Amino acid sequence: GRYGGRSPARALFVGGKSRSGTKASFGSGRAPIRAGPPSAPLILARSSFGMSKRGLSTFDAFMTTCETMWGVIIFLKFGGLVISSGLLVTLAVIATCTAVQVLNSLACSAVATNGLHSGAYQLLVANLGTTWGTATSLLYYLGMSALATVEICGAVEAVDAGLEAEAWGPDVVTESQYYDEGVLGSAALVLLALLRGFNSHAVHVIGVVVIVVLLLTLASTLAGALRTFSLSSLQSNLLPPRGEDAMGYTELSYLFTFIYPCFAGLFQSVNKAAELRTPYVSVPRAMLGAVLFTGIGLSLIVVAIAASAPRGELSETDFLLHAFPSKYVGLGGTVVVGIGSRGPCPPA
């Protein structure tokens, strides 16, 4: 149309050169090679899209995406997945989810790098049109909001799991786990909403803290599982308890219900595009890197869980409660990750 099918920023640089004949590599985020003062098109591009004010790197986008993907589901539910379906089927579902999200990443990267989009809404509207883009964005934001609720409820469930594991004191904070999730979860949601509303930049600081806590919690729970690592236990948990023929739609749906949300948050790097120094490079790398990292990480976790105890002795919360050096490391880290990682949800 107006820019010959190119984004306004790229239309300024046709065939790798600016209209003044200066060689440029705008798509890579590097400044053009020039001997004289900045050309008018370059100044216009940087001022129009705020390129000079962008400060986030590819790692920042990768970190934000992983922060959204990794949550309490891993610590609370993956033990139950191995128990109900066996290691091999669980790994197959993780591989399927990874492959689907790799394709989504490639497709999203192709359209995300075709212009400067400062958010999932702008990206969807630019490629689907106003009507379909708005409808799809609404579903996306509602889905991410639902994921935030699930993660916060999981954080409350971790609190109740810790109380139940103690020989003294009550098993719940209020009257029941249902009321715990309603009261404590609502309070956490309100706190996050106020924090984001009054200081949106605090999300980046919280993100760094959450990533550090997540890594420490993951190391603690994996160390606890590896302390009892046994090849015989791994072999006993390879297949579903009732055999491969018993794996039907219900069992597979249960697996996808808890595994696929661990790959949610793919658009987080797109949401940060307006703040990235090199969005054309950072968005694809952050997406693909986060998906592959998550797929490999989840696979290693379920292998460690399957090898930690033989069939019949493995329970759903063992991975969390057997953390090293203390279960409180796993429980506390899960609560922090469950609440803190929801800072970017729904994305800005």
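Here goes a summary of the coordinates provided. For clarity, every value in this text was computed on a predicted model and none was experimentally measured.

1. A few points about unusual backbone geometry
Link 1 in the chain: The amide bond that connects Phe 324 to the next residue, Pro 325, takes the cis arrangement and shows omega of 5°.
Link 2 in the chain: Position of Pro 325 among the secondary structure elements: in the loop between α14 (318-321) and α15 (327-340).

2. Quick look at the packing of helix α7 (residues 130-165) against α15
Link 1 in the chain: Packing of α7 against α15 brings their axes to within 7 Å, and their N-to-C directions diverge by 160°. Taken together, α7 and α15 sit at an angle that is classed as roughly antiparallel. Here α7 and α15 pass one another in a crossing that is left-handed. Every residue of α15 that contacts α7 at Glu 151, Ile 152, Ala 155, Ala 158, Val 159, Gly 162 and Ala 165 is listed here: Lys 327, Leu 331, Thr 334, Val 335, Gly 338 and Ile 339.
Link 2 in the chain: The class makeup of the residues in the contact of α7 with α15 is eight nonpolar, three polar and two charged.

3. With respect to the pattern of salt bridges
Link 1 in the chain: Inspection of every chain in the model, using the stated rule, returns three salt bridges.
Link 2 in the chain: Measuring nitrogen to oxygen at the nearest pair gives 3.6 Å for the salt bridge that ties Lys 77 to Glu 157. Pair noted here: Lys 77 is in helix α4 (residues 72-85) and Glu 157 is in helix α7, with a separation of 80 residues, a long-range link. Here Lys 77 and Glu 157 have matching classes, each one buried.
Link 3 in the chain: Lys 327 is the partner of Glu 166 in a salt bridge, and the nearest nitrogen-oxygen pair spans 3.3 Å. Of this pair, Glu 166 sits in the loop between α7 and α8 (177-198) while Lys 327 sits in helix α15, placing them 161 residues apart in sequence.

4. Brief notes about α15
Link 1 in the chain: For α15, which comprises 14 residues, the first-to-last C-alpha distance of 20 Å matches the rise-based estimate of 20 Å (1.5 Å per residue) to within 8%.
Link 2 in the chain: Those residues of α15 that fall on the buried side of the exposure criterion are Lys 327, Gly 330, Leu 331, Gly 333, Thr 334, Val 337, Gly 338 and Gly 340.

5. Describing the state of the cysteines
Covalent bonding between the sulfur atoms of two cysteines defines a disulfide.
Link 1 in the chain: This model, assessed by the stated rule, comprises zero disulfides.
Link 2 in the chain: No disulfide involves Cys 262; its sulfur sits 8.6 Å from that of Cys 97, the nearest cysteine.

6. Notes on the packing of helix α6 (residues 120-128) against α7
Link 1 in the chain: Contact pair α6 / α7: the axes reach a minimum separation of 7 Å and the direction vectors enclose 145°. As for the relative orientation of α6 and α7, their crossing is right-handed in sense. Taken together, the residues of α7 that come into contact with α6 (itself represented by Ala 120, Tyr 121, Leu 124, Val 125 and Leu 128) are Thr 130, Trp 132, Gly 133, Thr 134, Thr 136, Ser 137, Tyr 140 and Tyr 141.
Link 2 in the chain: Within the contact of α6 with α7, the residues separate by chemical class into eight nonpolar, five polar and no charged.

Here is what the cut-offs are and how they apply
- Residues numbered from 1 in each chain as written.
- Predicted model: local features only at pLDDT ≥ 70, side-chain atom pairs only at ≥ 80, totals over all residues.
- Heavy atoms only, no water.
- Helix = DSSP H or I, 4+ residues; strand = E, 2+ residues; numbered from the N terminus.
- Axes fitted to C-alpha atoms, helices over the stretch in contact; angles between N-to-C directions.
- Parallel < 35°, antiparallel > 145°, perpendicular 65-115°, else oblique.
- Left-handed = near helix turned anticlockwise from the far one by under 90°.
- Contact = heavy atoms within 4.5 Å.
- Nonpolar A, V, L, I, M, F, W, Y, C, P; charged D, E, K, R; others polar.
- Salt bridge = Lys/Arg side-chain N within 4 Å of Asp/Glu carboxyl O.
- Buried < 20%, exposed > 50% of the residue type's maximum accessible area, 1.4 Å probe, protein only.
- Expected span 1.5 Å × (residues − 1).
- Disulfide = S-S within 2.5 Å.

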